[in-house]
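Coordinate inspection notes
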2 protein chains.
Amino acid sequence: MNKRFSESIEIDLRSDLPIYLQIIEQVKRQIADETLKPGDQLPTVRALAEELRINFNTVARSYRMLDEAGVISTQQGRGTYITEKPPPMGSEHLRRESLTALASRYVREARRLGFSFDEIRQYLQDQLEVQPEINNEGE
Amino acid sequence: MNKRFSESIEIDLRSDLPIYLQIIEQVKRQIADETLKPGDQLPTVRALAEELRINFNTVARSYRMLDEAGVISTQQGRGTYITEKPPPMGSEHLRRESLTALASRYVREARRLGFSFDEIRQYLQDQLEVQPEINNEGE
DNA sequence: GTCCAAATTGTATCATTGTATCAATGTACT
DNA sequence: AGTACATTGATACAATGATACAATTTGGAC
């Protein structure tokens, strides 16, 4: 059902950001951009773990924290679902939280490659000029 | 798994060369002569430390510096592996390509969330102010 | 339909592995 | 001596993996 979701999740084992946080970020982001809608079922902890080649406990940890945040609902023996009424924090808050996470990751990885702040800003500017108002680019 | 590796590592406690540097050199050498191949897992810091009768922090230090050099990938809770791409970002060209890819992704995902260019720039600036400068020691 | 065993799904607990922080040791230079 | 720095050791911690368990669903026997 949500094969599309598990396929669009990407984790970087080399990142210094823990795997379980990477999963949390991407789930929240896909809710914010409506790739995931209320009521949607997420992959089982074991299915997603196999997809990402990681231990299912790591996925379970992500799901548990998302559940505690009220974003999803985990039900033992049933599965995990996007909360019907997603407003524990408001979609606008979730949306801005996602952008912060994206910016944070960009800076973190760029710094890891040894780039200066000016270079990080410059390359962003280049991309803003290259990517106009269009959305869908094959990934 | 890499018993062959740990058995073939030899350190000299009387050498004026620090232990952690001896380990680094031998790992690099075994990668050069293909005793160690990309994807191979190295012994755990504790296993190698016990083998060499030294403190596991010393091995951890070697692994950390090799990780910063891009030679290996240390992953907390998982282990350490030889980097898939053996050339540790030697060329400036590859390094800049990586930054372009990171910037491109940031812009693409942010646009997908519906943010304006100004917001994308602003959130990046916020992160640049939050994330500290890293002290590059070694190499 | 009812019941029960098996499969499925999330949970709990502990082991394993790398990380962070500080202390102890040693060496070089005043 | 005394100071400063590098190296190594000790300890607590964070992230991930392995295993056994509990709740729910599923499917066949009756």
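Now for a look at the structure at hand.

Rules of the game
Residues numbered from 1 in each chain as written. Chains lettered and ligands numbered in written order. Predicted model: local features only at pLDDT ≥ 70, side-chain atom pairs only at ≥ 80, totals over all residues. Heavy atoms only, no water. Pairing = 2+ DSSP bridges. Helix = DSSP H or I, 4+ residues; strand = E, 2+ residues; numbered from the N terminus. Near = heavy atom within 4 Å. Polar contact = N/O pair within 3.5 Å; in protein donor to acceptor, adjacent residues only side chain to side chain. Nonpolar A, V, L, I, M, F, W, Y, C, P; charged D, E, K, R; others polar. Contact = heavy atoms within 4.5 Å. Buried area = accessible area lost by both parts, 1.4 Å probe. Salt bridge = Lys/Arg side-chain N within 4 Å of Asp/Glu carboxyl O. Phe/Tyr/Trp six-rings, centres within 6.5 Å; stacked < 30°, edge-to-face > 60°. Buried < 20%, exposed > 50% of the residue type's maximum accessible area, 1.4 Å probe, protein only. Lys NZ or Arg CZ within 6 Å of the ring centre and 35° of its normal. Arc of directions from axis to C-beta. Expected span 1.5 Å × (residues − 1).

1. Brief notes about the pairing of strand β1 (residues 72–75) of chain B
- By the bridge criterion, four bridges tie β1(B) to strand β2 (residues 79–82) of chain B in an arrangement that is antiparallel. By the bridge assignment for β2(B), Gln75(B) is matched with Gly79(B).

2. Describing the protein's contact with DNA strand D
- The local shell around DNA strand D holds 23 residues, among which Asn55(A), Gln76(A), Arg78(A), Gln76(B) and Arg78(B) are the closest.
- At a separation of 2.6 Å, a phosphate oxygen of DNA strand D approaches a polar backbone atom of Ile19(A).
- One of the side-chain nitrogen or oxygen atoms of Asn57(B) is found 2.8 Å away from a base nitrogen of DNA strand D.
- For the surface near DNA strand D, the secondary-structure elements that each account for two or more residues are α2 (19–32) and α4 (56–68) of chain A together with α2 (19–32) and α4 (56–68) of chain B.
- Classifying every residue of the surface near DNA strand D gives nine nonpolar, 10 polar and four charged.

3. Some words on the interface of chain B and chain A
- Contact with chain B, which involves 39 residues of that partner, is made by 43 residues of chain A.
- Surface buried jointly by chain B and chain A totals about 4400 Å² across both partners, of which 59% is contributed by carbon and sulfur atoms.
- For the pair chain B and chain A, the interface holds five salt bridges.
- Where chain B meets chain A, there are 12 residue pairs in polar contact (both at pLDDT 80 or more).
- Broken down by element, the residue count for the side of chain B that touches chain A peaks at 16 residues, all from helix α5 (residues 92–112) of chain B.

4. Details of the packing of aromatic side chains
- Under the counting rule described, the total for this entry stands at three aromatic pairs over all chains.
- On the basis of an interplanar angle of 20° and a centroid distance of 5.5 Å, the ring pair of Tyr106(A) and Tyr106(B) is categorised as stacked. Linking Tyr106(A) in helix α5 (residues 91–112) with Tyr106(B) in helix α5, this pair reaches from one chain into another. You'll find Tyr106(A) and Tyr106(B) in the same group, each marked buried.
- Where Phe115(A) meets Tyr123(A), the ring centres are 6.2 Å apart and the plane angle is 45°; that geometry is what we call tilted. When sorted by exposure, Phe115(A) lands in the same class as Tyr123(A), which is buried.
- For Arg46(B), the ring lying beneath its charged end belongs to Phe56(B), and the centroid distance is 4.4 Å.
- Over the ring of Phe115(A) we find Arg95(B), and its NZ or CZ is 4.0 Å from the ring centre.

5. Re the protein's contact with DNA strand C
- DNA strand C sits among 23 residues. The nearest are Arg46(A), Asn57(A), Val45(B), Arg46(B) and Asn57(B).
- When the atoms of DNA strand C within 4 Å of the protein are grouped by moiety, sugar and phosphate amount to 56% of the total.
- One of the backbone nitrogen or oxygen atoms of Val45(B) is found 2.7 Å away from a phosphate oxygen of DNA strand C.
- Between DNA strand C and the protein, one listed contact pairs a base oxygen with a side-chain N or O atom of Arg46(B) at 2.7 Å.

6. A few points about helix α3 (residues 45–52) of chain B
All names here are of chain B.
- Within α3 the residues assigned to the buried category are Val45, Leu48, Ala49 and Leu52. Take α3 and look down its axis: the buried residues cluster within an arc of 105°, on one side only. Away from its buried face, by an angle of more than 90 degrees, α3 presents the exposed residues Arg46 and Glu50.
- Arg53 sits one or two residues past α3 and shows a positive phi near 60°.

7. Focus on α4(A)
Residues and elements named next belong to chain A.
- Counted at 1.5 Å a residue, the expected span for α4 with its 13 residues is 18 Å, and the 18 Å between its end C-alpha atoms agrees.
- Along α4, the residues that are buried comprise Val59, Ser62, Tyr63 and Leu66. Looking down the long axis of α4, one finds its buried residues gathered within 95° of arc, a one-sided arrangement.
- Packed against the buried residues of α4 are α2, α3 (45–52), β1 (72–75) and β2 (79–82).
- With a side-chain oxygen positioned 2.8 Å from the backbone nitrogen of Asn57, the residue opening α4 is Asn55.
- Two residues or fewer after α4 comes Gly70, characterised by a positive phi angle close to 80°.

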